[in-house]
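# Examination of the molecular architecture
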Amino acid sequence: MNLRLFLSAAAVAAVSSTMAACAPPYDPKAARTDETAPGGARDAGIEAVRDNITRVLPQVARDDVRRTEAPGLYEIQQGTQFAYVTADGRYLIEGDLVDVLTGDSLTENKRKSVRIARLAELGEENMIVFKPQNADAEHMVTVFTDIDCGYCRKLHREIEEYNKRGIGIRYVFYPRTGPKSESFRKAEAVWCAEDRKQALTLAKQGAPVDGPADCPNPVAREFELGGELGLRGTPMLVLPDGEVVNGYVPAAALAERLNERGRG
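Residues numbered from 1 in each chain as written. Predicted model: local features only at pLDDT ≥ 70, side-chain atom pairs only at ≥ 80, totals over all residues. Heavy atoms only, no water.

### Here's the deal with the confidence of the model for the protein
Filter applied, for reference: pLDDT: the predictor's confidence for each residue, scored from 0 to 100. Contacts are residue-level and defined by heavy atoms, with any inter-residue pair within 4.5 Å sufficient.
Of all residues in the protein, 83% attain a pLDDT of 70 or more, and the chain-wide mean is 84. Long-range and interchain partners of residues 5-42, a stretch whose pLDDT sits below 50, account for 55 contacts in this model, where long-range means more than four residues apart.

### With respect to the state of the cysteines
The condition that has to hold: Note that a disulfide, as used here, is simply two cysteine sulfur atoms within 2.5 Å. In this text, helices come from DSSP runs of H or I with a minimum length of four residues, and strands from runs of E with a minimum of two, each type numbered from the N-terminal end. Under the scheme applied here, a residue whose accessible area is under 20% of the maximum for its type counts as buried, over 50% as exposed, and between as partly exposed, the area being computed with a 1.4 Å probe on protein chains only.
Tallied over the full model, the rule gives one disulfide. Bridging C192 to C215, the disulfide has an S-S length of 2.0 Å. Linking C192 and C215, the disulfide has an S-S dihedral of approximately -100 degrees and is accordingly described as left-handed. Remark: C215 occurs in the loop between helix 9 (196-204) and helix 10 (219-228) and C192 occurs in helix 8 (residues 182-192); sequence separation between them is 23 residues. By relative accessible area, which is 18% here, C192 ends up buried. A relative accessible area of 23% means that C215 is categorised as partly exposed.

### Some remarks on the sheet that holds strand 1 (residues 65-67)
Selection rule: Two strands make a pair as long as DSSP finds a minimum of two bridges between them. Helix axes are fitted to C-alpha atoms over the stretch in contact, other axes to C-alpha atoms as well, and angles between N-to-C directions run from 0 to 180 degrees.
If you walk across this open sheet you meet the four strands as 1-2-3-4, and the pairing is antiparallel. Single-partner strands in this sheet number two, and they are strand 1 and strand 4 (92-94). Averaged over all pairs of adjacent strands, the angle between their axes in this sheet comes to 35 degrees, without regard to strand direction. As paired elements, strand 2 (residues 73-78) and strand 3 (residues 81-86) share six bridges and run antiparallel to each other. Within strand 3, the residue paired with Y74 across the bridge is V85. On top of the sheet, helix 5 (residues 106-122) reaches strand 2 and strand 3; it is set at about 135 degrees to strand 3, its chief contact.

### Brief notes about the pairing of strand 7 (residues 167-173)
Every other side chain in a regular strand lies on the same face of the sheet, so the side chains alternate between the two faces. Where burial is concerned, most of strand 7 is hidden: seven out of the seven residues are buried. Neither face of strand 7 is left uncovered, since the one carrying I167, I169, Y171 and F173 and the one carrying G168, R170 and V172 both have all their residues buried. Strand direction decides the pairing type here: strand 5 (residues 128-130) and strand 7, joined by three bridges, are antiparallel. In the sheet register, I128 faces strand 7, and the bridge partner there is Y171. In terms of strand pairing, strand 6 (residues 139-145) meets strand 7 through seven bridges, oriented parallel. Residue pairing in the sheet places T142 in a bridge with R170 of strand 7.

### A closer look at helix 6 (residues 150-157)
Cut-off, in case you're wondering: In this description, the arc belongs to the directions extending from the helix axis to the C-beta atoms.
Residues of helix 6 that are buried: C152, L155 and H156. One side of helix 6 carries all its buried residues, which in axial view fall inside an arc of 95 degrees. Of the exposed residues in helix 6, the ones pointing more than 90 degrees away from its buried face are Y151 and R157. Those residues of helix 6 that are buried lie in contact with strand 5, strand 6, helix 7 (159-164), strand 7, helix 9 and strand 8 (236-238).

### Quick word on the sheet that holds strand 7
Taken together, the five strands give an open sheet; going across it, the order is 5-7-6-8-9, and neighbouring strands pair in mixed fashion. The open sheet has two free edges, formed respectively by strand 5 and strand 9 (244-246), since each of these has just one partner strand. In this sheet, adjacent strand axes meet at a mean angle of 25 degrees when their direction is disregarded. In this structure, strand 6 lies alongside strand 8, joined through three bridges in antiparallel fashion. Residue T142 lies in a different strand from strand 8, and its bridge partner there is V238. The strands touched by helix 10 within the sheet are strand 6 and strand 7, with strand 7 carrying the most contacts at an inclination of about 100 degrees.

### Let's talk about the environment of K197
Locating K197 in the fold gives a position in helix 9. Take K197: its relative accessible area is 37%, and that puts it in the partly exposed class. C-alpha separation for the pair K197 and V129, spaced 68 residues apart in sequence, amounts to 7.7 Å. Excluding residues within four positions of it along the chain, K197 makes contact with I128, V129 and F130.

### Concerning the packing of helix 5 against helix 10
Condition: Note that the term roughly parallel is reserved for angles under 35 degrees, roughly antiparallel for angles over 145, roughly perpendicular for angles of 65 to 115, and oblique for everything else. Lys, Arg, Asp and Glu make up the charged group, whereas Ala, Val, Leu, Ile, Met, Phe, Trp, Tyr, Cys and Pro make up the nonpolar group; the residues left over, Gly among them, are polar.
Interhelical geometry of helix 5 versus helix 10 gives an angle of 175 degrees and a closest axis separation of 11 Å. When the interaxial angle is binned, helix 5 and helix 10 end up roughly antiparallel. For the pair formed by helix 5 and helix 10, the contact residues are R118, L119, E121 and L122 on the first element and R221, E222, L225 and E228 on the second. Tallied by class, residues from the contact of helix 5 with helix 10 come to three nonpolar, no polar and five charged.

Structure below.
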């Protein structure tokens, strides 16, 4: 989490709008089971803590302040970024909250949930999907891809091998050079093609990407989503449980990793 965004008064408006756009995708009832007193009344304790924290950090929305498993620490969230703050709002900790008895990163587990929810909101209908023929995929992996990224092309050259090993690949566009760039135009043109899968394969082989690029398409939305999920480079793989793997992984190695976790 960018600490300066929380502490700079000049960033209040920007952070507020960003956090509104990245509202936590949790079930409200599940998210607040520890915030209600018997009979359903609001827990005055958490409300008092929210009063303290939002007084010191006015850019933080009240509902973005939650209890944690660690007594005395409260969680604040911005997209997939988390920080922890004391009840008086004075001390803020950047970093993951880890249960040292189990070794689990409680923060990363929440990030995984956010990623899964945000991809579900995007919907598979807004992805280009390569699934095994004549069989259901045992594992569906979402890949943020850039047509002009060398390792993205390397991954796609193995698409049949991934599919043979029971791995379906769901492509989401992330042109690293950003809007109005040639890579961005190529992504839009691929989406506008009559056969998107063939167009994507040819584009990743280096063939010219012609055709219209002005049809309704999800490229801009997917580019923004990559930023919200903390993407730093392509390809970025999101595994079925929400874990992120940065960079190319050979089909055999990815299959072994996924099979160890079971179907998903």
